[in-house]
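# A closer look at the structure
Residue-level listing of the chains:
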Amino acid sequence: MSAVKAQLLSRIQDRSATVGIVGLGYVGLPLAMEFAKAGFHVIGYDVSDRVCKLLMRGESHIQDVPAADVGAMLKAGRFEATTDESALGRCDAISIAVPTPLSKTRDPDMRFVQSATEAIARNAHPGMLAVLESTTYPGTTREVMQPKLEERGLTVGQDVFLAFSPERVDPGNPKYHTKNTPKVVGGITAACTEVAVALYSSCIDTVVPVSTTEAAELVKLLENTFRSVNIGLVNEMAIVCEKLGVNVWEVIEAAATKPFGFMKFTPGPGIGGHCIPLDPHYLAWKMRTLNYKTRFIDLASEINSEMPAFVVEKVAIALNDDRKAVNGSRVIVVGVAYKKDIDDIRESPALDVIRLLEERGADVVHHDPFIPRFNDGDHEGGGDHRERIGVDLSAAELGKADAVVIVTDHSQIDYQQIVDDAVLVIDTRNATARASRGRARVVSLAANRKLAAGAVSGGASARKPTAVG
Ligand SMILES: NC(=O)c1ccc[n+]([C@@H]2O[C@H](COP(=O)([O-])OP(=O)(O)OC[C@H]3O[C@@H](n4cnc5c(N)ncnc54)[C@H](O)[C@@H]3O)[C@@H](O)[C@H]2O)c1
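In this report, the structure presented in the accompanying data block is examined.

Quick notes on the rules
Residues numbered from 1 in each chain as written. Predicted model: local features only at pLDDT ≥ 70, side-chain atom pairs only at ≥ 80, totals over all residues. Heavy atoms only, no water. Helix = DSSP H or I, 4+ residues; strand = E, 2+ residues; numbered from the N terminus. Rg over C-alpha atoms; globule rule 2.2 N^0.38 Å. Buried < 20%, exposed > 50% of the residue type's maximum accessible area, 1.4 Å probe, protein only. Near = heavy atom within 4 Å. Polar contact = N/O pair within 3.5 Å; in protein donor to acceptor, adjacent residues only side chain to side chain. Nonpolar A, V, L, I, M, F, W, Y, C, P; charged D, E, K, R; others polar. Pairing = 2+ DSSP bridges. Axes fitted to C-alpha atoms, helices over the stretch in contact; angles between N-to-C directions.

### Focus on the overall build of the chain
Tallying secondary structure elements over the chain gives 15 helices and 15 strands in all. Against the globule reference of 23 Å for 469 residues, the chain gives a C-alpha radius of gyration of 24 Å, in line with a compact fold. In terms of overall dimensions, the chain has a C-alpha envelope of 80 × 50 × 40 Å along the principal axes. Counting over 469 residues, the chain shows a buried share of 54%.

Printed below as a string of structure tokens:
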């Protein structure tokens, strides 16, 4: 074993290694806390002055990370956050969790990975491990990162170590978090895999080595493509059910009683977040460069991205049944986060639903206990930077709305109250399934509208659907 590798393994083993986290967002901050709790000194490096200052005050901007954890790690001297990239030079192992968005033409936008890699390369030293966690196309670690480190005269696998380990964090998931979600790791060389496995084994319960960085990169894309395709399938099933006059929720619940060979996914108003709508396009792009068209990815994306328009059409038809036009109707969109019980609006289908309703002249307001206000310009494709302040779900607000559209089924919302006080409810998540009949006419995402008229959501069996996307 080389002396450089042996020394790094020993520093990981006895926790004297300093761990760097580049990018302190939804992925990076929870990971930083895990390493700090495992006994390492952790340096968080982020280009955002706001984020670093907030963390250094012992606050947290990430819902899944309690401020008390940040405060405790600061007090114990095991965590610091900085915008000074030279601090990376003090690190023995660095995990990178910077954004990997798409460009306007839906190609990978690698600017953040590139600039993070350059910062690491400028501060690299023999015996350093760098692990990319950002979701990306197969080949990124070897083609984008390795050359930048080797330009500094450091040979990967001998002087420095380089690996990819996909992040699987599921914000808001009460059962699975960073520590108890198995972590896949693939290195450029076997030595790279070995040190990266050692690093993550120090704070993650199960680490799964794979043979290459490309395999590790593809694992993440398979997982999220699997979700996108299955959500696309079940969304298409909702459209099928609508046309057949069959209740989609009833069909899904009954199919889910099969104990093998079926996995339950639920339809909804579309997909959102930083992962499912974007990640499969990284693979589609890579395959286009190899003259291969990934048909499942394209088809699922097409169906999923048409769901907000499907929902808005349902709203228009339901208002029409009440002899009302969308134009001039007051609509409350309930839930603007991209999935239940979280505060993230990135790529949320609610934003498309709001935009499409407003394009038709509706007067749209929102209610979301996690997002009391948001700025239209804060999100991808955001428009006029108009600040939207949410309304309460009071009897008066519900009563004066022409329609209430349930887009995200947050647990703490009182759906019985909505059914009792609203006139018309378009329920895209089956959130009202447990409510008893009230004043509102409830229209389900997918059941023949004539069958659904006057009934609460077709009465699908009682279990609640899980969030999609
Ligand atoms: N959010 C999720 O649920 C999730 C789940 C799995 C994987 N991922 C992937 O993890 C990666 C990070 O996602 P996220 O949701 O944590 O993003 P985020 O936007 O919450 O956080 C990214 C952070 O990186 C910082 N940053 C940007 N460029 C930087 C640079 N050059 N140097 C240092 N810091 C920089 C930003 O200021 C920001 O604080 C993405 O590739 C994403 O696809 C996200």
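The rest of the description comes next.
### So, unusual backbone geometry
With phi around 65°, R15 is a residue other than glycine that occupies positive phi space. Relative to the helices and strands, R15 is located in the loop between α1 (3-13) and β1 (18-22). Residue D341 is not a glycine yet carries a positive backbone phi of 65°. When you line up the elements, D341 lands in the loop between β9 (330-334) and α12 (349-359). Accessibility expressed as a relative area gives 22% for D341, which makes it partly exposed.

### Observations regarding the site of the ligand
Inspection of the region around the ligand gives 26 residues, with V27, D46, T100, S115 and T135 positioned closest. The separation between an oxygen atom of the ligand and a polar main-chain atom of Y26 is 3.0 Å. For the ligand, a nitrogen atom lies 3.0 Å from a polar atom in the side chain of S115. Among the elements that take part in the shell around the ligand, helix α5 (residues 111-122) stands out by supplying three residues, more than any other. Within the shell around the ligand, the residues separate by chemical class into 14 nonpolar, eight polar and four charged.

### Points about the sheet that holds β9
Strands in a sheet are paired, the pairing made by backbone hydrogen bonds, and the direction either parallel or antiparallel. In spatial order, the strands read β10-β9-β13-β14-β15; together these five strands make up an open sheet with parallel pairing. Two strands close off the open sheet at either side, each with one partner strand: β10 (363-367) and β15 (441-444). Each adjacent strand pair in this sheet contributes to an overall mean axis angle of 20°, direction not counted. Pairing geometry for β9 and β10, over five bridges, is parallel. Looking at the pairing, I332 lines up with V365 of β10.

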